[in-house]
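Below are the chains, spelled out letter by letter.
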Amino acid sequence: MEGDINEGSVPPYYREVYEAICSKKDERVQIEVFQRLLSSTDLPSSVQNQIAEHVDHKDGFLSKLSLYKALALIALAQQGKQPSPKLLENYIQEFPKPQLGELKDLQALRMQPTQESPLVVSQTLAQLLERDSVQVELIPEKKGLFLKHVEYQITSQRFQISVYRRYSDFDLFHELLLQRFAYRMVPALPPKRMLKGVLTSTSEREFIEGRRRALRRFINLVARHPFFSEDELVKTFLTFNGSDVQNKLRDAFKKAGDEFMTCKIATQAKEYLPADIQAQFASSRELIRNILNSFHKLRDRAEKMAERSKENATDLLMFGRELSTVGSDVLPVPALASASSTWGVLRQSLKGLSVEFALLADKAAQQGRREEDDVVEKLNLFLDLLQSYKDLCERHEKGVLHEHQRALQKYSVMRRQMMSATVQPKEQVSVEQLESRIVQQENAIMTMELRNYFSLFCLHQETQLIFTYLPITSHILGAFVNSQIQGHREMGEVWNDLRPKLSCLFGGNNGIPSPLLMPQKGSTKTTVAFSSS
């Protein structure tokens, strides 16, 4: 269609407009700049949309000829003609001049920053992770052997402050966060449990450490969330140092209320939603559900591997101790033993090997801790996020959608009652009361509809956040590979240090590998040959 317009056939004014608004980098016109130009005309929005549909653009830019075509359509539309490509094809006179105002004003259109839709969450994973890093450390209990309560030191890197919180503070904070941001991903808290027994109990220690890790994951996901991180509720939890933190949290919530009441565009959310929002939601939900299921299994395997590394540490330590036990035996070698027996000297040497095996055990234990901290913990953080998305989807369906349906049913019953009252005249007072209730219910339905669209709006943004977080899988795999490389290298170095000791211990072939202990050709079994002395 651009063939109908060439540079020789356009008025000089068209070239002046092009020079005013084109990008100086590649001599094309940004689509956003053209849309601003179109919006500045006095044309109805329906006509503007028609012109935009007939203008070719690629990769977010218009070519020079595409702009000339658009300017011709604008000028003809301002004359009252219906804009269409056919109109340009049949136009034989010089194209008219569009009414666009001063050229210097057009240059200002190019300088304006690009306006993104409020629906778009333009965050990278690095930006999310850099928002804050919160440490959660256990404060040792000082009230005797029996556990009364556990306190945590919360340190926010962003606010450069440490505060002290109990689980009950986290519990209230979580409850208020859910009320404030009912339409967003609020991570779950670790379960509340009455702790019985003593602090030295292994099971209690494991439970307390598991809960500390879970609380750290929770508060980091909250502190890095683009809509939570700037909220007064979150800032209060991370920075308030007084003793009445729970009252402070309640006050912060009362001042704000829920997000629907404070978000400036909440009532216009429908305007920003794509037409196929439901299809997009269903597709994303299915994909994220599959990822959640797979990563649950990966986490379970990673936990088993970390556990095996710890068991390996225990086995290596016990192996070394048994060697030491053998080497510490002071019983004399019996006279019936061959005079050439070296057992007396040999067992003394075995005792020294326990040092290397203790070191091997230590390396294996470090490997287990690395796998827990660098791999399992990252997997758990990712799973907490994915689970919070699943919970949000369920809240959306059971919450606003369910409430909306109930409101519609209630309204339908009232309308039937109203019709019945009209057909069979009843007391005027009861009819007026019914009319008043119907008006109230209509308002409730309207509010529920607005909340439903806002819920979808937030859900769309939270889905974008999940996809922003997905590259964290490469961080997890990188941590897994690095952990294995480091563990095998460190263990290998200790095993290599052990070999010279075996040379001194056994002499000659040092017991590794001897032809007497090697598998014979053609056999899958190891055979041991004895030579007669």
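Thresholds applied
- Residues numbered from 1 in each chain as written.
- Predicted model: local features only at pLDDT ≥ 70, side-chain atom pairs only at ≥ 80, totals over all residues.
- Heavy atoms only, no water.
- Helix = DSSP H or I, 4+ residues; strand = E, 2+ residues; numbered from the N terminus.
- Buried < 20%, exposed > 50% of the residue type's maximum accessible area, 1.4 Å probe, protein only.
- Contact = heavy atoms within 4.5 Å.
- Patch = residues over 30% accessible without salt bridge, like charges linked within 9 Å, V, L, I, M, F, W, Y side chains within 5 Å.
- Areas by Shrake-Rupley, 256 points an atom, 1.4 Å probe, with all protein chains shown as cover.
- Salt bridge = Lys/Arg side-chain N within 4 Å of Asp/Glu carboxyl O.
- Lys, Arg positive; Asp, Glu negative; His and termini not counted.
- Charge placed at Lys NZ, Arg CZ, Asp CG, Glu CD.
- Axes fitted to C-alpha atoms, helices over the stretch in contact; angles between N-to-C directions.
- Parallel < 35°, antiparallel > 145°, perpendicular 65-115°, else oblique.
- Nonpolar A, V, L, I, M, F, W, Y, C, P; charged D, E, K, R; others polar.
- pLDDT = per-residue confidence, 0-100.
- Pairing = 2+ DSSP bridges.
- Left-handed = near helix turned anticlockwise from the far one by under 90°.
- Polar contact = N/O pair within 3.5 Å; in protein donor to acceptor, adjacent residues only side chain to side chain.
- Phe/Tyr/Trp six-rings, centres within 6.5 Å; stacked < 30°, edge-to-face > 60°.
- Lys NZ or Arg CZ within 6 Å of the ring centre and 35° of its normal.

(A) Examining the overall build of the protein more closely. A tally of helices and strands in the protein yields 18 helices and 5 strands. Looking at the 533 residues of the protein, the share that counts as buried comes to 40%. In the protein, the proportion of contacts linking residues at least 24 apart, taken out of those at least 6 apart, comes to 73%.

(B) Inspection of a negative patch on the surface at higher detail. On the surface, a cluster of negative charge is contributed by Glu206, Glu307, Glu311 and Asp315. In this fold, Glu206 is placed in helix 9 (residues 202-224).

(C) Region of the structure containing the packing of helix 2 (residues 31-39) against helix 4 (residues 64-78). With their axes 12 Å apart at the nearest point, helix 2 and helix 4 run at an angle of 10° to one another. Here helix 4 runs roughly parallel to helix 2, going by the angle between their axes. Here Phe34, Leu37 and Leu38 of helix 2 lie close against helix 4, whose contacting residues are Leu67, Ala70, Leu71 and Ile74. By residue class, the composition of the contact of helix 2 with helix 4 is 7 nonpolar, no polar and no charged.

(D) Looking closely at the confidence of the model for the protein. Looking at the protein as a whole, the pLDDT averages 83, with 79% of positions reaching at least 70. When pLDDT is averaged over each element of the protein, helix 10 (residues 232-239) comes out on top at 96 and helix 16 (residues 400-423) at the bottom at 60. pLDDT under 50 marks residues 514-518. Its contacts with residues more than four places away, or in other chains, come to 9 contacts. pLDDT under 50 marks residues 523-533. Its contacts with residues more than four places away, or in other chains, come to 11 contacts.

(E) The arrangement of the pairing of strand 4 (residues 151-156) in detail. Judged by which residues are buried, strand 4 turns out to be one-sided: Tyr152, Ile154 and Ser156 face inward and are buried, whereas Glu151, Gln153 and Thr155, on the alternate face, are not. Taken together, the 6 bridges between strand 3 (residues 134-139) and strand 4 define a ladder with antiparallel strand orientation. Bridge pairing in strand 4 places Val134 opposite Ser156. The sheet contact formed by strand 4 and strand 5 (residues 161-166) spans 6 bridges and is antiparallel. For Ile154, the partnering residue across the bridge sits in strand 5 and is Val163. Hairpin remark: strand 4 followed by strand 5, antiparallel, with 4 residues in the connecting loop; positive phi at Gln160, about 55°.

(F) Highlighting the sheet that holds strand 5. The strand order across the open sheet built from 3 strands is 3-4-5, with neighbouring strands paired in antiparallel fashion. Looking at strand neighbours, the two that pair on one side only are strand 3 and strand 5, the edges of this open sheet. With strand direction ignored, the average angle separating the axes of adjacent strands in the sheet is 25°. Where helix 8 (residues 167-180) meets the sheet, its contacts fall on strand 4 and strand 5, and the angle it forms with strand 5 comes to roughly 95°.

(G) Structural detail: unusual backbone geometry. Its identity is not glycine, yet Gln160 carries a phi of approximately 55°, on the positive side. Gln160 gets classed as exposed once you look at its relative accessible area, which sits at 66%.

(H) Inspection of a nonpolar patch on the surface at higher detail. A cluster of nonpolar side chains, namely Val326, Val333 and Trp343, defines an oily patch on the protein surface of about 220 Å² accessible area. Position of Val326 relative to the elements: it lies in helix 14 (residues 277-327).

(I) Representation of the packing of helix 1 (residues 12-21) against helix 4 in the model. At a minimum axis distance of 10 Å, the contact between helix 1 and helix 4 shows a crossing angle of 120°. Taken together, helix 1 and helix 4 sit at an angle that is classed as oblique. Crossing handedness for the pair helix 1 and helix 4: right-handed. Residues Tyr14, Arg15, Val17, Tyr18 and Ile21 of helix 1 lie in contact with helix 4, whose contacting residues are Lys64, Leu67, Tyr68, Leu71, Ala72 and Ala75. A breakdown of the residues in the contact of helix 1 with helix 4 according to their chemical character gives 9 nonpolar, no polar and 2 charged.

(J) Layout of the side chain of Gln484. One can find Gln484 in helix 18 (residues 472-506). Within the local environment of Gln484, its side chain forms a polar contact with the side chain of Glu371, the two groups lying 2.8 Å apart. Residues within four places of Gln484 in sequence aside, it is in contact with Met305, Gln367 and Glu371.

(K) The packing of aromatic side chains, seen in detail. Tallying each qualifying case throughout the model produces 15 aromatic pairs. A centroid spacing of 4.2 Å and a plane angle of 10° characterise the contact between Phe173 and Phe237, whose relative ring orientation is stacked. Separated by 64 residues along the polypeptide, Phe173 in helix 8 and Phe237 in helix 10 bring together distant segments of the chain. Here Phe173 and Phe237 have matching classes, each one buried. Between Phe319 and Phe357, the ring centres sit 4.9 Å apart and the planes meet at 35°, which makes this aromatic pair tilted. Here Phe319 is found in helix 14, whereas its partner Phe357 is found in helix 15 (residues 343-398), with 38 residues between them in sequence. Through a chain of ring-to-ring contacts, three or more aromatic side chains come together here, namely Tyr152, Phe170, Phe173, Phe218 and Phe237. A cation sits over an aromatic face here: Arg28 above Phe61, 4.0 Å from the ring centre.

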